[in-house]
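One letter stands for each residue in the lines below.
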Amino acid sequence: MTQKSSRPLAVFDLDGTLADSAHRQRFLERKPRDWDAFFAAAPQDPPLAEGVALALKSAEECEVVYLTGRPERCRRDTLDWLAAQGLPEGRVWMRRNDDRRPARRTKLDVLRGLAHDREIRVLVDDDELVCEDAERAGFTVVRARWTGASEALKDAQEREGRT
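Keep in mind that what you see is a predicted model, and the values were worked out from it rather than measured.

Before going further, it helps to examine unusual backbone geometry. Here the bond from Lys31 into Pro32 is cis, since omega is -5 degrees, no more than 30 degrees from zero. Residue position: Pro32 is located in the loop between β1 (9-12) and α2 (35-40).

Turning our attention to the packing of aromatic side chains. Under the definition given, this model contains 3 aromatic pairs. With 5.8 Å between their ring centres and 25 degrees between their planes, Trp35 and Phe39 make a pair best called stacked. Of the two residues, Trp35 and Phe39 both sit in helix α2, 4 residues apart, roughly one turn of that helix. With respect to class, Trp35 is no different from Phe39; both count as buried. Ring centres of Phe38 and Phe39 lie 5.1 Å apart, and the angle between their planes is 75 degrees; this geometry places the pair in the edge-to-face category. This pair shows no difference in class: Phe38 is buried, exactly as Phe39 is. Members of the aromatic cluster, each reached through a chain of ring pairs, are Trp35, Phe38 and Phe39.

With that settled, the discussion passes to the packing of helix α5 (residues 103-115) against helix α6 (residues 128-136). Interhelical geometry of α5 versus α6 gives an angle of 40 degrees and a closest axis separation of 9 Å. Classed by the angle they form, the pair α5 and α6 counts as oblique. Like other packed secondary-structure pairs, α5 and α6 cross with a definite hand, here right-handed. Within the contact between the two elements, α5 uses Ala103, Arg104, Lys107, Leu108 and Leu111 and α6 uses Leu129, Val130, Asp133 and Ala134.

With that settled, consider α6. What sets the pattern is the α-helix's 3.6 residues per turn: residues three or four places apart point alike. Taken as a whole, α6 has its buried residues at Val130, Cys131, Asp133 and Ala134. In this fold, the buried residues of α6 make contact with α5, β4 (120-125) and β5 (141-143). Between the side-chain oxygen of the N-cap and the backbone nitrogen of Leu129 there are 2.9 Å, and the N-cap of α6 in question is Asp127. Downstream of α6 by a residue or two, Gly138 has a phi angle that is positive, lying close to 100 degrees.

What follows concerns the nonpolar core. Buried together is how nonpolar side chains tend to be arranged in soluble globular proteins. Counting 26 residues, the largest nonpolar core has Phe12, Leu18, Tyr66, Leu82 and Leu87 as the members making the most contacts within it. Taken together, the elements giving at least two residues each to this core come down to β1, α2, α3 (49-58), β2 (63-71), α4 (75-84), β3 (92-95) and β4. No other element matches α2, which puts 4 residues into this core. Ala103, Ile120, Leu123 and Ala134 belong to the second-largest nonpolar core, a separate cluster that totals 15 residues.

Sheet architecture is open: 5 strands sit in the order β3-β2-β1-β4-β5, paired in parallel fashion. The strands lining the two open edges of the sheet, one partner per strand, are β3 and β5. Taking the axes of each pair of neighbouring strands and ignoring which way they run, one obtains an average angle of 20 degrees across the sheet. Pairing geometry for β1 and β4, over 4 bridges, is parallel. When the sheet's bridge partners are listed, Val11 is paired in β4 with Leu123. Strand contacts of α6: β4 and β5, with the helix running at about 160 degrees to β5, the strand carrying the most contacts.

Conventions adopted
- Residues numbered from 1 in each chain as written.
- Predicted model: local features only at pLDDT ≥ 70, side-chain atom pairs only at ≥ 80, totals over all residues.
- Heavy atoms only, no water.
- Helix = DSSP H or I, 4+ residues; strand = E, 2+ residues; numbered from the N terminus.
- Phe/Tyr/Trp six-rings, centres within 6.5 Å; stacked < 30°, edge-to-face > 60°.
- Buried < 20%, exposed > 50% of the residue type's maximum accessible area, 1.4 Å probe, protein only.
- Axes fitted to C-alpha atoms, helices over the stretch in contact; angles between N-to-C directions.
- Parallel < 35°, antiparallel > 145°, perpendicular 65-115°, else oblique.
- Left-handed = near helix turned anticlockwise from the far one by under 90°.
- Contact = heavy atoms within 4.5 Å.
- Polar contact = N/O pair within 3.5 Å; in protein donor to acceptor, adjacent residues only side chain to side chain.
- Core = buried A, V, L, I, M, F, W, Y, C linked by side-chain atoms within 4.5 Å.
- Pairing = 2+ DSSP bridges.

Quick look at the structure:
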């Protein structure tokens, strides 16, 4: 193992943890929800200072990686946004474009896969259901409670598996 690959992982969610997606919640409050507009607005997300500071601090001891419910089609915008915020470089796991499972299921699957080869020091996420399931599976969790929760987003994550 190389020195980098032997470092523990710090796994960070994006929306509501590092990225303030509040300005685009309006697209999820409509019927029907406008997912294209919701994701198209993501590059304009302001960073969440608390999450960014925690990611930078975590990078001192861990390899920072990103685990998001965003669909794969948003990869370029997501990578550009991470770089523009000065966040640590790291691998990004995204939802397959056709995957509609709840975020707690998709993220736990990825976490378990990562844990086969690496120590996961921490998962940082704002989704309470993701956090609860990760803790039950034995992972250390930091709940990102530095922004207000959106009921529309919570419902979308659980029922529609979109983010």
